[in-house]
Amino acid sequence: MKTKPLERQAEAFSNGAARGAAYLQGLSDRSVDADTARLGQLDPGLPAEGMEVETVLELMETIGGEGTVASAGGRYFGYVVGGALPAASGARALLSAWDQVADSLTGPSVIKMEETALSWIVDLMQLPSGTSGAFTSGATMANMTLLVTARDTLLSRLGHPRGKGLFTAPKLRVVASAEIHATVLKSVRMAGLSSEDIEWVAVDEQGRLRADAMPLLDNRTIVLCQAGNVCTGASDPVGELAAMCRETGAWLHVDGAFGLWARTAEAISASLDGLEGADSWVVDAHKTLNTPYDAGIALCRHPEEMQASMSIGAQYLPATHPNPANRAPEFSRSARGAETWAALLSLGRKGVVDLVTGFHHHARRIAAELEKIGFLVPHDVHFNQVFATLPENEDACARIVAHVQASGEAWFGQAMWQGRKGFRISVSNWSTSDKDVDRLIEAIRRAKDELV
Ligand SMILES: *Cc1c(COP(=O)(O)O)cnc(C)c1O
């Protein structure tokens, strides 16, 4: 064994990386579902004396490895979970050796990568130049960051400046799509706004907010819409909403956790025309872009407002250095944006478009194949999400889902959408191939034949 401390770390690092590489090489052949039978062995009791590093990694690899869900592989279609692009995965490994704190004084090069990635995303999404951004742990925190910014900005325009708190503040309204993601409601509450008093706006048969059902807006209103409905992939009419908000002084926020990426591909971006007119946007890198977890991005057209709401204000931090901690909730954090930088650099503009259109292509094929074998897909395939049901036998869907999960061939979950019970398939992994889709369809067909 090496004796110098960092040589020992380097040895452990290579050991972990080698085990990770072996894991990835076996992932395409193994069951997608986790084997949790031996998880108890992960708690041998905190030992009085420490274990050898090798032993720790061995335990992690064997028991921990079999207890993972193979969401990094191409046959996982659950929720909207992405895998990790090779460059992003390699970047994660390198970052873990660097262990930088994401700030320009403690990590100059990683901050340069993060700032560069943010500017590339503003460009790819065709957002207004000068849009401010920050990496967060996910869309939930990014939504919260921007809801706080929206709240503070509207209140200060109404003469109630930041710092005065909410107890004596004028009441703000929240108007939201009836199918807004559940986590956005949590973000609403975390921002001190009322999730009980939301003015819900009806959606159409694709799950899109109906602009003709919008209430009258004013300068006390935050409007929450989405790019990418988790069941149908459809986007709300953001352009129309942006015009309404601009006229009335309302704030338009767009949750585009996975769906904002549709903006990059001409074939499916039309519904996002006018997106640039919103006040704030959220997108995840860890979903559609396939960076490792956890990487969300908060984007705001009013950089000074975002900074005013998120600024730490500590005197000891020179204001001249870009410090993402002044644009997001966290202070010390990993340099997760460097993985997004690596992902984008390795894909290029064309690679991003190919990734996004590839997901759409697979999703369309899945919907068509499901209809061929008797399922109903009650929506158009707008992007990468497919909701399906059995019209005469909705209850069988849960059993079909359980059967496929248990087969290890593929993984996706049950869902309920617009009163129908069924399941939801998300194509979000860069490595999903036509063959993976064949196996998914075949597993569903077999389950249906056996159970229905
Ligand atoms: C996943 C998702 C979220 C939450 O994002 P996290 O990154 O998991 O915090 C919000 N909105 C939509 C539409 C999503 O798909």
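In what follows, the accompanying structure is described. Values in this document were obtained by computation on a predicted structure and should not be read as measured data. (Residues numbered from 1 in each chain as written. Predicted model: local features only at pLDDT ≥ 70, side-chain atom pairs only at ≥ 80, totals over all residues. Heavy atoms only, no water.)

## With respect to the sheet that holds strand β6 (residues 280-284)
- Taken in spatial order, the 7 strands make up an open sheet running β1-β7-β6-β5-β4-β2-β3, and their pairing is mixed. Every interior strand has two partners, whereas the edge strands, β1 (132-136) and β3 (199-201), have only one. Each neighbouring strand pair of the sheet contributes to a mean axis angle of 20 degrees, computed without reference to strand direction.
- Of the pairings in the sheet, the one linking strand β2 (residues 173-177) to strand β4 (residues 221-226) comprises 4 bridges and is parallel in character. Pairing of R173 across the sheet is with T221, part of β4.
- Running over the sheet, helix α7 (residues 238-248) touches β4 and β5 (251-255) and is turned about 155 degrees from β5.
- Seen against the sheet, helix α8 (residues 303-310) touches β1 and β7 (296-300) and runs at an angle of roughly 40 degrees to β1. (Pairing = 2+ DSSP bridges. Helix = DSSP H or I, 4+ residues; strand = E, 2+ residues; numbered from the N terminus. Axes fitted to C-alpha atoms, helices over the stretch in contact; angles between N-to-C directions. Contact = heavy atoms within 4.5 Å.)

## Here we look at the site of the ligand
- Near the ligand, the surroundings consist of 13 residues, among which A139, T140, D255, D284 and K287 are the closest.
- Between A139 and the ligand, the recorded distance is 2.8 Å, taken from a backbone N or O atom to an oxygen atom.
- With respect to the ligand, the side chain of K287 contributes an N or O atom lying 2.9 Å from an oxygen atom.
- When the free accessible area of the ligand is taken as 380 Å², the share hidden by the protein chains comes to 86%.
- Looking at the shell around the ligand residue by residue, the classes come out as 4 nonpolar, 6 polar and 3 charged. (Near = heavy atom within 4 Å. Polar contact = N/O pair within 3.5 Å; in protein donor to acceptor, adjacent residues only side chain to side chain. Areas by Shrake-Rupley, 256 points an atom, 1.4 Å probe, with all protein chains shown as cover. Nonpolar A, V, L, I, M, F, W, Y, C, P; charged D, E, K, R; others polar.)

## Regarding the pattern of salt bridges
- Considering all chains together, one arrives at 31 salt bridges under this definition.
- In this structure, the salt-bridge partner of K350 is D354, at a minimum N-O distance of 2.7 Å. Of this pair, K350 and D354 both sit in helix α9 (residues 337-372), 4 residues apart, which is roughly one turn of that helix.
- Linked through salt bridges whose partners overlap, the residues forming this network are R365, E369, K372, D434 and D438. (Salt bridge = Lys/Arg side-chain N within 4 Å of Asp/Glu carboxyl O.)

## Some words on the nonpolar core
- Judged by nonpolar contacts, the single largest core of 79 residues is most densely connected at L370, F423, I425 and I444.
- Looking at which element gives the most residues to this core, the answer is α9, with 11 residues.
- With residues near it in sequence (within four places) discarded, F423 still touches L370, F375, V386, F387, A388, C397, V401, F412, G413, Q414, A415 and I444.
- Within the second largest apolar cluster, 30 residues are counted, among which are A134, M144, C300 and M306. (Core = buried A, V, L, I, M, F, W, Y, C linked by side-chain atoms within 4.5 Å. Buried < 20%, exposed > 50% of the residue type's maximum accessible area, 1.4 Å probe, protein only.)

## Notes on the environment of C397
- With respect to the element layout, C397 can be found in helix α10 (residues 396-407).
- You can call C397 buried: its relative accessible area is 0%.
- Spatially, the C-alpha atoms of C397 and Q414 are 7.4 Å apart, while their sequence positions differ by 17 residues.
- Those residues in contact with C397, other than ones at most four positions away along the chain, are T389, L390, K421, G422 and F423.

## Here we look at unusual backbone geometry
- Y293 connects to D294 through a cis peptide bond whose omega is 0 degrees.
- Tracing the backbone shows D294 in the loop between β6 and β7.
- Phi at D99 takes a positive value of approximately 50 degrees, unusual for a residue other than glycine.
- In this structure, D99 sits in the loop between α3 (86-98) and α4 (108-124).
- In this structure D99 comes out as exposed when scored by relative accessible area, which is 62%.
- In this structure, Q418 is a non-glycine residue whose phi angle is positive, near 45 degrees.
- Considering the arrangement of structural elements, one finds Q418 in the loop between β9 (413-417) and β10 (420-426).
- Judged by its relative accessible area of 38%, Q418 is partly exposed.

## Structural notes on helix α2 (residues 53-66)
- Over its 14 residues, α2 runs 20 Å from end to end, which matches the ideal 20 Å to within 8%, given 1.5 Å per residue.
- Buried positions along α2 lie against α1 (5-26). (Expected span 1.5 Å × (residues − 1).)

## Quick look at the packing of aromatic side chains
- One pass over the full model with this rule turns up 6 aromatic pairs.
- Three or more aromatic residues link up through ring pairs in this structure, and these residues are Y76, Y79 and W411.
- Above the ring of F375, the side-chain terminus of K448 is found at 6.0 Å from the ring centroid. (Phe/Tyr/Trp six-rings, centres within 6.5 Å; stacked < 30°, edge-to-face > 60°. Lys NZ or Arg CZ within 6 Å of the ring centre and 35° of its normal.)

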